[in-house]
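Secondary and tertiary structure notes
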Amino acid sequence: MDCRQTREFLSALVDNEEIDSQTKQKVEEHIWRCATCRTELELEKKTKETIKAKVKIIPVPNELITSVLNQLKILQNGYAQSLESPRELNPTPKPWLEIAFSLGIAIVTLSLAFLFVSVYGKKMTQRELIRKEVSALVNHFDSIAQGFAKPEVLSTDPAYVKNAILSKASFTPVFLNIPEFEIVGASIKDPHLRSGNPRCVNLIYRKGERLILIHQAPMSSAPMHDEIKKRILKGEWIYDTITDDSFVIWGTNELVCCAISNLPKEELEQVLKQTK
Amino acid sequence: MRLKDKIKDLLKQEKRDKKLTDEELLKKQKKFEEEAIPHMQFLYNFAYRMTGNEEDAKDLIQETYMKAFRFWDQYEPGTNIRAWLFKIMKNSYINKYRKAIKEPGKVDYDEVQNFYETVRDESFETSDLQEHIFENIFEDEVIEALSKLPDEFRTVVILADIEGQSYEEIADFLDIPIGTVRSRLHRGRKMLRRELFEFAKRKGYIKGKPKDYDIDDPEKD
């Protein structure tokens, strides 16, 4: 075996890779006799050692793993079509806090309201009653509007929101078409959360900075004062405001609805009239 | 059956099918993550050394995983998943960097020829003075030397010397015979040594031109 043939096996010798025993013997014989190839072998060994010692394995950046997993999820949802939309509600990210936080506040407010109602109910005017009953929802609305709470479903695709809600809700909600407003999200968690209460549906409509939250629940289970219920069943739409937010309650035999918005009361009235 | 009931049944059926599909998709995603994510370290390091920077390496990895997930159905369970992922990444790399690369699986006789010529041409390397090459060499210099190698040589050096893969694995990754792995690696290391020699010369450890250190004719045998 000559130098040329030997050289082809130097790397295998350096790496301790298998060579058939006959060839290996010949290569080793040649190297034993040839100083040049011996040096060459030593140099190749040193080259390998240098590369190995100097060029270290780099750990994978954590954010790369996260972003790959996220992209897989998005891709996965692309396949599932209606599972979840990758697009977010707000183009400018807001500091969404846990929905539980705002719900917790809502529940506390509500239970206080109910305590209040049960003790002083008879002495209060109907207007105050309504405002008390709606206050939890208004809190919920505020935390969504200010970005403290995140609705369970968020998507710029109204069809997707509708599907998600229809598959989760225990009753069939009404999807109002509000001109110029788009459905951007929804939740089925109930800020009332009274025992045995079936879930309600909150739909969130948006037009720029303006939001309308439409809360719906089955009439049979809605926590409501009998007098107010009567007015609603007669077909009355009861409008009012709480601080900066306006709201309206109306209903049918099956459903009771409450819309809350950061629109002024008159504008909310106008907008909703167009849906009738 | 009335039409209304028929539609109702169909809808019910569709809902059931959909649910099953969603579950299956989720299972598929889980399986993919389990199998493919553990190889990210290996792929990332290769991508990093080939592209020479973090951003490009990240892009390449993301592209590779997205492609792999899309084509996950084509992966045969039980076969070498690392090689499968590597081939996807290699293709992405070639497409992205448009480097001329030879057809995989083809024994390149030009290259074999080149190999012998290189052995002749680079006989300078048989000098004992080359010991100096490895003195005070810095990490960046080795990395820079590596970046100067043509892709096919850089590939085998990265796989063997940085990532510690066996010749058999490398042959599998690149669809080339083991003999080609051997010769490419030998030649790749030699080229790298020549670059290191240049650094050493510039830094003053070695004086003169490479050919000044010629000692022997490697073909004396």
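If you're wondering where the values come from, they're calculated on a predicted model, not measured in any experiment.

Rules behind the numbers
- Residues numbered from 1 in each chain as written.
- Chains lettered and ligands numbered in written order.
- Predicted model: local features only at pLDDT ≥ 70, side-chain atom pairs only at ≥ 80, totals over all residues.
- Heavy atoms only, no water.
- Helix = DSSP H or I, 4+ residues; strand = E, 2+ residues; numbered from the N terminus.
- Buried < 20%, exposed > 50% of the residue type's maximum accessible area, 1.4 Å probe, protein only.
- Contact = heavy atoms within 4.5 Å.
- Areas by Shrake-Rupley, 256 points an atom, 1.4 Å probe, with all protein chains shown as cover.
- Buried area = accessible area lost by both parts, 1.4 Å probe.
- Salt bridge = Lys/Arg side-chain N within 4 Å of Asp/Glu carboxyl O.
- Polar contact = N/O pair within 3.5 Å; in protein donor to acceptor, adjacent residues only side chain to side chain.
- Nonpolar A, V, L, I, M, F, W, Y, C, P; charged D, E, K, R; others polar.
- pLDDT = per-residue confidence, 0-100.
- Pairing = 2+ DSSP bridges.
- Arc of directions from axis to C-beta.
- UniProt positions renumbered as here; feature names shortened; annotations may be inferred.
- Axes fitted to C-alpha atoms, helices over the stretch in contact; angles between N-to-C directions.
- Parallel < 35°, antiparallel > 145°, perpendicular 65-115°, else oblique.
- Left-handed = near helix turned anticlockwise from the far one by under 90°.
- Patch = residues over 30% accessible without salt bridge, like charges linked within 9 Å, V, L, I, M, F, W, Y side chains within 5 Å.

What follows concerns the overall build of chain A. Scanning chain A from terminus to terminus reveals nine helices and seven strands. With 276 residues in all, chain A has 49% of them scored as buried. Looking at chain A alone, contacts between residues at least 24 apart form 62% of all its contacts between residues at least 6 apart. Total accessible area on chain A stands at roughly 14300 Å², and carbon and sulfur atoms take up 52% of it.

Taken together, the 60 residues of chain B in the interface contact 51 residues of chain A. Both sides together, the interface formed by chain B and chain A hides about 5300 Å², and carbon and sulfur atoms give 62% of it. Here chain B is connected to chain A by six salt bridges. Ionic pairing is found between Lys190(B) and Glu40(A), a salt bridge with its closest N-O pair at 3.6 Å. Scanning the region where chain B abuts chain A turns up 17 residue pairs in polar contact (both at pLDDT 80 or more). Those elements giving two or more residues to the side of chain B that touches chain A turn out to be helix H1 (3-36), helix H2 (40-51), helix H3 (54-70), helix H5 (109-121), helix H6 (139-147), helix H7 (151-162) and helix H9 (178-203) of chain B. Here the element with the most residues in the side of chain B that touches chain A is H9(B); it accounts for nine residues. Here the residues of the side of chain B that touches chain A sort into 26 nonpolar, eleven polar and 23 charged.

This brings us to the confidence of the model for chain B. Residues and elements named next belong to chain B. Mean pLDDT for chain B: 78, with 67% of residues reaching 70 or above. Mean pLDDT across the elements of chain B bottoms out in H5 (51) and peaks in H2 (95). Within the model, pLDDT remains below 50 along residues 99-107, and this stretch shows 14 contacts once partners closer than five positions in the same chain are excluded. Counting contacts from residues 214-221, a segment whose pLDDT is below 50, to residues more than four positions away or on other chains yields 22 contacts.

A word on the pairing of strand S3 (residues 201-207) of chain A. Residues and elements named next belong to chain A. Within S3, six of the seven residues are buried, leaving the element largely enclosed by the surrounding structure. Where strand S2 (residues 182-187) and S3 come together, five bridges link them in antiparallel fashion. Residue pairing for S3: Glu182 is matched across the bridge by Arg206. In this structure, the hairpin formed by S3 and strand S4 (residues 210-218) is closed by a connection of two residues, where Gly208 is found at a positive phi of approximately 60 degrees.

Residues and elements named next belong to chain A. For helix H9 (residues 265-273), the set of buried residues is Leu268, Val271 and Leu272. Mapping the buried residues of H9 onto a view down its axis gives an arc of 95 degrees, with all of them on the same face. Away from its buried face, by an angle of more than 90 degrees, H9 presents the exposed residues Glu266, Gln270 and Lys273. Buried residues belonging to H9 abut S4, strand S5 (238-242), strand S6 (245-251) and strand S7 (255-261).

What follows is about the UniProt feature "domain: Putative zinc-finger" (unreviewed entry) in chain A. Here, UniProt's "domain: Putative zinc-finger" (unreviewed entry) annotation points to residues 3-38 of chain A. In residues 3-38 of chain A, helix accounts for 81% and strand for 0%; the two terminal C-alpha atoms are 10 Å from one another.

All names here are of chain B. Secondary-structure assignment places Trp72 in the loop between H3 and helix H4 (81-97). Assessed through its relative accessible area of 9%, Trp72 is described here as buried. Residues Trp72 and Ala36, 36 residues apart in the sequence, show an inter-C-alpha distance of 10.0 Å. Contacts of Trp72, omitting those with residues within four sequence positions, involve Lys28, Lys31, Phe32, Glu35, Ile81 and Trp84.

Residues and elements named next belong to chain B. The interhelical angle for the contact between H3 and H4, taken along N-to-C directions, is 125 degrees, at an axis separation of 9 Å. When the axes of H3 and H4 are compared, the pair comes out oblique. Crossing geometry of H3 relative to H4 is assigned as right-handed. Of H4, the residues touching H3 (which contributes Asp56, Asp59, Leu60, Ile61, Glu63, Thr64, Lys67 and Ala68) are Trp84, Leu85, Ile88, Met89, Ser92, Tyr93, Asn95, Lys96 and Tyr97. For the contact of H3 with H4, the residue count by class is nine nonpolar, three polar and five charged.

A cluster of nonpolar residues, Val108(A), Leu112(A) and Leu115(A), forms a patch on the protein surface that exposes about 300 Å² of accessible area. Among the secondary structure elements, Leu112(A) is positioned in helix H5 (residues 99-120).

With that settled, the discussion passes to the side chain of Glu40(A). Note on placement: Glu40(A) falls in helix H3 (residues 35-54). Taking relative accessible area as the criterion, Glu40(A) reaches 0% and is therefore assigned buried. Within the structure, Glu40(A) has its side chain in polar contact with the side chain of Arg193(B) (distance 2.9 Å).

Another point: the side chain of Gln216(A). Residues and elements named next belong to chain A. Here Gln216 lies in strand S4. The class for Gln216 is buried, based on a relative accessible area of 1%. Filtering out sequence-adjacent residues up to four positions away, Gln216 remains in contact with Phe171, Pro173, Val174, Cys200, Val201, Leu203, Leu255, Val256 and Cys257.

In this model, chain A carries an average pLDDT of 80, and 83% of its residues clear a pLDDT of 70 or more. Every residue in residues 80-94 of chain A scores below 50 in pLDDT, and together they form 32 contacts with partners more than four places removed in sequence or on other chains.

Within a beta sheet, neighbouring strands are joined by backbone hydrogen bonds and run either parallel or antiparallel to one another. Residues and elements named next belong to chain A. The seven strands are arranged S1-S2-S3-S4-S7-S6-S5 in an open sheet whose pairing can be described as antiparallel. Of all the strands in the sheet, the pair left with one neighbour each is strand S1 (153-154) and S5. The pairing of S1 with S2 spans two bridges and is antiparallel. Directly across from Leu154, in S2, lies its bridge partner Gly185.

Time to look at H6(B). Every buried residue of H6(B) is accounted for by Glu141(B), Val142(B), Ala145(B) and Leu146(B). What you see down the axis of H6(B) is that its buried residues fit within an arc of 140 degrees, all on one side. Looking at the buried side of H6(B), the elements it contacts are H3 of chain A together with H7 and H9 of chain B.

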